[in-house]
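Spelled out from the first residue to the last, the chains are:
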Amino acid sequence: MSGVRLICQRLLYGAEKREALSSAGILCKVTDMYKNEILRMLRSSGTYVSGQDLCRELGISRTAVWKNIRQLEEDGYEIEASAGKGYRITGFPDTIAEEEVASILQTERVGKKIRYFSRIDSTNQYAKRIAEEGAEDGTLIIADEQTAGKGRSGRRWVTPPGEAIAFTLLLRPPLSPDRISMVTLVMGMAAAKAVRSLYDLPAGIKWPNDVVTGGRKLCGILTEMSAEVEKVHYIVIGVGINANICEFPEEIRQIATSLKLETGQDVNRAQVIARTMEYFERYYTVFEKDGDLSGLMEEYNALLLNRGRGVRVLDPAGAYTGTARGINSRGELIVERDDGAESMVYAGEVSVRGIYGYV
Ligand code: BTN
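All values reported here derive from a predicted model rather than from experimental measurement.

Q: Please explain the sheet that holds strand S10 (residues 310-314) as it appears in this structure.
A: Neighbouring strands of a sheet are bound in pairs by backbone hydrogen bonds; such pairs are parallel or else antiparallel. Across the sheet, five strands lie side by side as S13-S12-S11-S10-S14; this open sheet has antiparallel pairing. The sheet is open, and its two borders are formed by strand S13 (342-345) and strand S14 (351-354), each paired with just one other strand. Sheet twist, expressed as the average angle between the axes of neighbouring strands with direction ignored, equals 45°. As judged from the four bridges shared by S10 and strand S11 (residues 320-327), these two strands associate in the antiparallel manner. Bridging across to S11, Gly-310 finds its partner in Thr-323.

Below, the structure written as structure tokens:
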């Protein structure tokens, strides 16, 4: 048991201190921590866990365990309590709330702090606000509904409650601003891999980071950054995945799809978030070590749906067509122009369109 947990528990015993902590907004985090931990233990055991084991593991009283169990039930978990055996989970709510994601997330540093909102304007907007206030690297913001979800190029992003996945990861990478577009590619890879590993879908990437399956868009990523000329203060990587959405607005109906439409089943949104974060952490570690995408290029190119296909590059200096060959170690798209010359297309500067469809 960590020292932190012990300290928290002692603090919880004193009513006055509890009040002080509560007014400082700390108590909520302490109790949530126990709730998350209890959920994690019940989930991983798959059977009964005795009250005694929970008390011992967490260093809290039986009453505190019981209160946390009650809270989990209020959150929609079905928990069976049996005299002599303990507690066992029998039903899970369809939720992407903090305790659910935290109880399945297997990462070392990404998403160790989660902030969940049932409704928010935009997780990217919120992430930028808390980044300005000093929020930690790796903080994950999740929302069930966004009222002003933002897409790329000033477009809106629809996030209906209970159906979509919307989250933003806040990072403080020690990089120069020109390297940040590569991190967005890393997130695109992570989302595509998460989808492929959880479902039997041939999801791939439309350069630079749209996740596409069956020729339609499943996931979009919007990265925003605060930086000086040479130094990045923070970046927020917003990920929107169409999970259980079945109806799209008219303007995107022909190009959008969802996991539910593609698999024919309801998807577990928390699992998709956790798996995406796990792949992201794995790939981001490689990226950090290399300082570029050289260690990930091969895997990215294997996922790249544009590869070998005709593309139209909407370069402000003049649009041209060619065939996409893959990315280089900086994440630029290598395009063999129709006149035989080779161009490196930098993400963020130009748009690339498929000539024969969305990809
Ligand atoms: C795109 O246009 O392809 C990018 C869409 C990004 C949407 C996500 S949803 C979570 C985060 N919050 C936002 O407001 N936008 C991003």
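Q: It is not clear to me how helix H7 (residues 123-132) should be interpreted in this structure. Could you clarify?
A: Because an α-helix completes one turn every 3.6 residues, residues spaced three or four positions apart along the sequence face the same direction. Three or more residues of H7 are buried, namely Thr-123, Asn-124, Tyr-126, Ala-127, Ile-130 and Ala-131. Buried positions in H7, seen along its axis, are confined to an arc of 160° and lie on one side of it. Elements in contact with the buried residues of H7: strand S3 (114-117), strand S4 (140-143), strand S5 (164-171), strand S8 (216-227) and strand S9 (232-242). The N-capping residue of H7, defined by a side-chain oxygen 3.2 Å from the backbone nitrogen of Asn-124, is Ser-122.

Q: So what exactly am I meant to see when it comes to the pairing of S10 here?
A: Looking down a regular strand, the side chains alternate between one sheet face and the other. Adjacent in sequence and paired antiparallel, S10 and S11 are bridged by five residues, among which Gly-318 carries a positive phi angle near 145°. Sheet analysis places S10 next to S14, joined by four bridges and oriented antiparallel. Considered in S14, the bridge of Val-313 is made with Val-352.

Q: When you look at the site of the ligand in this model, what are you seeing that I'm missing?
A: Surveying the vicinity of the ligand reveals 20 residues, the closest of which are Ser-122, Gln-146, Lys-150, Arg-152 and Lys-217. For the ligand, an oxygen atom lies 2.8 Å from a polar atom in the side chain of Ser-122. Contacts to the ligand include Thr-123, whose side-chain N or O atom sits 3.0 Å from a nitrogen atom. Breaking the shell around the ligand down by element, the ones donating at least two residues are H7, S5, S8 and S9.

About the cut-offs
Residues numbered from 1 in each chain as written. Predicted model: local features only at pLDDT ≥ 70, side-chain atom pairs only at ≥ 80, totals over all residues. Heavy atoms only, no water. Pairing = 2+ DSSP bridges. Helix = DSSP H or I, 4+ residues; strand = E, 2+ residues; numbered from the N terminus. Axes fitted to C-alpha atoms, helices over the stretch in contact; angles between N-to-C directions. Buried < 20%, exposed > 50% of the residue type's maximum accessible area, 1.4 Å probe, protein only. Arc of directions from axis to C-beta. Contact = heavy atoms within 4.5 Å. Polar contact = N/O pair within 3.5 Å; in protein donor to acceptor, adjacent residues only side chain to side chain. Near = heavy atom within 4 Å.

Interpretation note: all reported values are geometric properties and have no functional meaning in isolation.
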